[in-house]
Amino acid sequence: YGPCLAVTENGEVVRWGKYQIYQTVIPGDLGGAKNAAAGLQFSLAVRKDGMVAAWGYNDHGQASVPAGLKRVKAISAGKSHSLALLEN
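Described below are features of the structure shown in this document. (Residues numbered from 1 in each chain as written. Predicted model: local features only at pLDDT ≥ 70, side-chain atom pairs only at ≥ 80, totals over all residues. Heavy atoms only, no water.)

## Some remarks on the overall build of the protein chain
Secondary structure summary: the protein chain contains zero helices and seven strands in total. Taken from the N to the C terminus, the helices and strands of the protein chain come in the order β-β-β-β-β-β-β. Scaling as 2.2 N^0.38, a compact globule of 88 residues should have a C-alpha radius of gyration of about 12 Å, and the protein chain matches this with 12 Å. With the C-alpha coordinates of the protein chain rotated into their principal frame, the extents come out at 35 × 30 × 20 Å. Relative to its 88 residues, the protein chain shows a buried fraction of 36%. In the protein chain, 30% of the contacts between residues at least 6 apart in sequence involve partners at least 24 apart. When the accessible surface of the protein chain is split by element, carbon and sulfur atoms take 51% of a total near 5200 Å². (Helix = DSSP H or I, 4+ residues; strand = E, 2+ residues; numbered from the N terminus. Rg over C-alpha atoms; globule rule 2.2 N^0.38 Å. Buried < 20%, exposed > 50% of the residue type's maximum accessible area, 1.4 Å probe, protein only. Contact = heavy atoms within 4.5 Å. Areas by Shrake-Rupley, 256 points an atom, 1.4 Å probe, with all protein chains shown as cover.)

In structure tokens, the structure reads:
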């Protein structure tokens, strides 16, 4: 139950599955993604520069990217939380 995201070889984020109103538009400023994750009502993507983009519902701060978060290698999203694995 819920959305699915994938990243194509050229860095485009694609989605399918059940989406809530908050998740319907993938941001156009991703600049190519290397990783993406879908939470319950929010989504995340790691840009090629290692910065994170987040969109969707943010009632618990799960779509609020912390200031200074950079050099992210991978991300994960849950019901109301987000995780980031740094390159170091």
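Having seen the model, we can carry on.
## Here we look at the environment of Lys 48
Structurally, Lys 48 is set in the loop between β4 (42-47) and β5 (52-56). Measuring from C-alpha to C-alpha, the distance between Lys 48 and His 81 comes to 22 Å, with 33 residues separating the pair along the chain. Setting aside residues up to four positions removed in sequence, Lys 48 forms contacts with Asn 10, Gly 11, Gly 31, Gly 32, Ala 33 and Lys 34.

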